Amino acid sequence: MDSKRRDFLKIAGLTAIAGIAAPSAFNTLLKGEALASAGPAASGHGAAAPTGKRYGMVIDVKKFTENPGLAEQCVSACHTIHNVPDFGNKKDEIKWLWVESYEHVFPEHSQDKRPDALKEMPILTLCNHCDKPPCVRACPTKATFKKKNGIVAMDYHRCIGCRFCMAACPYGARSFNWRDPRGKDANGRPFIKAENPKYPTRMRGVVEKCNFCTERLAIGQIPACVEVATQTKGLIFGDLNDPNSEISQVLKTSFTIQRNPAIGTHPSLFYII
Amino acid sequence: MYGKGRIIPALILFLGVMTSPMWYCSGDAGNLPKPEKPKDYTECVAPTQFMRTSHMVLLNQWRDDILREDGARKGITANGTEYDRSLQNGCMKCHSNKKKFCDVCHEYTSVKPYCWDCHLQPKEAM
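## Details of the overall build of chain B
Here's step 1: In terms of regular secondary structure, chain B is built from six helices and two strands.
Here's step 2: Against the globule reference of 14 Å for 126 residues, chain B gives a C-alpha radius of gyration of 23 Å, more extended than a compact globule.
Here's step 3: The principal-axis extents of the C-alpha atoms in chain B amount to approximately 75 × 35 × 30 Å.
Here's step 4: Every one of the 126 residues in chain B was classed for burial, and the buried ones make up 10%.
Here's step 5: The long-range fraction of contacts in chain B, counting pairs at least 24 apart against all pairs at least 6 apart in sequence, stands at 58%.

Okay, here's the thing in structure tokens:
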């Protein structure tokens with residue numbers, strides 16, 4: 001064969017490039033992106049064509065200011081039903097639903113020249129059940145996942161307690177069980193005051209969070225916190241994709257804000273301040 | 001082979017001693033576990049033989065189906081009885097005594113399932 005050194009080097013170079021580039025190109029084309037980002041929602045701004053259910057909630061903060069104690073009742077109902085332990089210290093706190101101040105719920109908003117009333121407002125907050133949940137992308141074991149109805153749920157059996165999801169969640173909606181939730185404190189007080197025999201507890205070393213009362217929805221009930229706030233209409237729960245649902249009507253007629261929408265998680269929680 | 005006269009009998013003795021627990025119990029499976037069956041219910045969600053060998057598979061299927069796929073929370077037995085597809089609210093409704101049912105076989109076979117780290121067992125049986 002009469003080939004020149006120059007030609008040989010050209011062919012060798014091209015082969016090397018093709019060899020390196022082809023597998024990664026195939027992988028990207030065939031598999032698409034990571035699971036969580038392959039959802040139905042379109043990229044960029046603008047609404048994606050909704051498919052199926054997407055449960056969401058509107059939190060009317062004014063109603064909680066008008067009814068002092070209501071927020072705490074909601075929290076207590078949630079935590080009692082789901083056997084959420086109270087470790088009695090802020091550092092180990094487990095929270096599915098909790099009360100927070102305006103500046104902590106909306107830290108990205110300007111706090112300059114805000115009315116004083118805003119500072120004292122008890123603002124309920126919980127898992128946002130994002131349409132693009134960063135926690136789901138972070139979970140290495142698929143212990144947390146997005147269901148077809150929009151709920152970001154957890155399978156505690158699979159949780160290995162790596163806490164990647166806690167680092168990924170921009171809303172602090174996830175808590176880690178540093179201690180055994182079935183245990184007792186130094187004074188012999190059990191961390192779970194009264195166990196609900198219908199629902200499991202968790203064990204030490206797993207992460208937990210709000211599940212939008214999946215187990216109640218399955219038997220035709222509304223979430224526990226919404227049930228407590230029914231009378232005042234402080235919490236409105238429903239299908240965001242159904243244009244005729246109560247929540248859609250409220251969203252159409254009221255000005256609502258979401259927690260940190262700029263990061264693109266598409267929260268399913270909306271606040272009326 | 002050097003020291004044949006000592007090594008071979010010593011080996012035989014060693015093997016005999018090591019396997020003595022097997023000889024000692026040969027032909028006897030020990031006290032077979034007798035899990036207490038519920039008195040008020042006669043029918044389970046699946047045939048006894050299947051439940052004996054594969055109840056853990058069934059529990060995993062229920063879990064994955066209900067948690068991830070929004071599967072039905074209720075099931076119906078062959079004779080038409082409705083039941084909860086749930087360990088805590090389904091199985092334990094009939095098999096209400098964990099100590100006399102679950103633990104009996106699990107102890108015999110030396111398996112330690114971690115179900116009860118999270119799931120609550122019926123109060124009256126504790």
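Moving on, there is more to tell.
## So, the overall build of chain A
Here's step 1: Scanning chain A for helices and strands turns up ten helices and nine strands.
Here's step 2: Against the compact-globule benchmark of 19 Å for 273 residues, chain A has a radius of gyration of 24 Å, which places it well outside the compact range.
Here's step 3: Considered along the principal axes of its C-alpha atoms, chain A spans approximately 90 × 50 × 45 Å.
Here's step 4: Per-residue burial for chain A yields a buried fraction of 33% across its 273 residues.
Here's step 5: Partitioning the intrachain contacts of chain A with sequence separation of at least 6 by distance along the chain shows that 66% fall at a separation of at least 24.

## Here's the deal with the confidence of the model for chain A
Here's step 1: Per-residue confidence for chain A averages 91 on the pLDDT scale, and 92% of its residues sit at or above 70.
Here's step 2: Low pLDDT, under 50, characterises residues 38-43 of chain A; the stretch is placed with eleven contacts to residues that sit more than four places away or in other chains.

## Notes on the interface of chain B and chain A
Here's step 1: Across the contact, twelve residues belong to chain B and 17 residues belong to chain A.
Here's step 2: Secondary-structure elements contributing two or more residues to the side of chain B that touches chain A are α3 (48-69), α4 (87-94) and α6 (115-118) of chain B.
Here's step 3: Residue classes in the side of chain B that touches chain A are distributed as three nonpolar, three polar and six charged.

## A few points about the sheet that holds strand β1 (residues 55-60) of chain A
Backbone hydrogen bonds hold the strands of a sheet together, and the pairing may be parallel or antiparallel.
All names here are of chain A.
Here's step 1: Taken together, the three strands give an open sheet; going across it, the order is β8-β1-β9, and neighbouring strands pair in mixed fashion. If you trace the sheet from one side to the other, it starts and ends with β8 (235-239) and β9 (269-272), each paired once. Between one strand and the next, the sheet's axes are offset by a mean angle of 20°, whatever the strand orientation.
Here's step 2: Against the sheet, helix α10 (residues 246-253) touches β1, β8 and β9, its axis set at about 115° to β8.

## Thoughts on the environment of Lys-209 of chain A
All names here are of chain A.
Here's step 1: Secondary-structure assignment places Lys-209 in the loop between β7 (207-208) and α8 (214-217).
Here's step 2: Judged by the 24 C-beta atoms lying within 10 Å of it, Lys-209 is buried.
Here's step 3: Apart from residues lying up to four places away in sequence, Lys-209 is in contact with Trp-96, Cys-127, Met-154, Ala-173, Arg-174 and Ser-175.

## Overview of the nonpolar core
Residue and element names in this part refer to chain A.
Here's step 1: Of all hydrophobic cores here, the largest spans 55 residues; its most connected members are Cys-74, Leu-97, Leu-124, Cys-225 and Leu-235.
Here's step 2: If one sorts the elements of this core by residue count, helix α3 (residues 70-81) sits on top with five residues.
Here's step 3: Non-local contacts of Leu-235, meaning those with residues more than four positions away in its chain, are made with Met-57, Ile-59, Cys-225, Val-226 and Ala-229.

## Things to note about α3 of chain B
Here's step 1: Across its 22 residues, α3 of chain B extends only 27 Å between first and last C-alpha, which sits more than 12% below the 32 Å expected from 1.5 Å per residue.
Here's step 2: Its maximal kink placed at Ser-54 of chain B, α3 of chain B deviates by approximately 80°.

## A look at α3 of chain A
Residues and elements named next belong to chain A.
Here's step 1: With twelve residues, α3 extends 17 Å between its outermost C-alpha atoms, agreeing within 8% with the 16 Å of an ideal straight helix rising 1.5 Å per residue.
Here's step 2: Restricting attention to buried positions, one finds in α3 the residues Leu-70, Ala-71, Cys-74, Val-75, Cys-78 and His-79.
Here's step 3: Along its buried surface, α3 packs onto α2 (61-66), β2 (97-100), β3 (123-126) and α9 (224-228).
Here's step 4: Of the residues flanking the end of α3, it is Asn-83, one or two places downstream, whose phi is positive at about 55°.

## Describing unusual backbone geometry
Here's step 1: Positive phi, normally seen in glycine, also occurs at His-266 of chain A, with a value near 50°.
Here's step 2: Position of His-266 of chain A among the secondary structure elements: in the loop between α10 and β9.
Here's step 3: A positive phi angle is found at Ser-110 of chain B, which is not glycine, with a value near 60°.
Here's step 4: Along the chain, Ser-110 of chain B turns up in the loop between α5 (102-108) and α6.
Here's step 5: For Ser-110 of chain B, a count of 6 C-beta atoms within 10 Å puts it in the exposed group.

## Considering the environment of Cys-162 of chain A
Here's step 1: By the element assignment, Cys-162 of chain A lies in the loop between β5 (152-154) and α7 (164-168).
Here's step 2: Once the C-alpha coordinates of Cys-162 of chain A and Val-206 of chain A are considered, the two residues, 44 residues apart in sequence, prove to be 8.2 Å apart.

About the cut-offs
Residues numbered from 1 in each chain as written. Chains lettered and ligands numbered in written order. Predicted model: local features only at pLDDT ≥ 70, side-chain atom pairs only at ≥ 80, totals over all residues. Helix = DSSP H or I, 4+ residues; strand = E, 2+ residues; numbered from the N terminus. Rg over C-alpha atoms; globule rule 2.2 N^0.38 Å. Buried ≥ 20, exposed ≤ 12 C-beta atoms within 10 Å, placed from the backbone. Contact = placed C-beta atoms within 7 Å. pLDDT = per-residue confidence, 0-100. Nonpolar A, V, L, I, M, F, W, Y, C, P; charged D, E, K, R; others polar. Pairing = 2+ DSSP bridges. Axes fitted to C-alpha atoms, helices over the stretch in contact; angles between N-to-C directions. Core = buried A, V, L, I, M, F, W, Y, C linked by C-beta atoms within 7 Å. Expected span 1.5 Å × (residues − 1). Bend = angle between axes of the 7 residues up to and from the residue.

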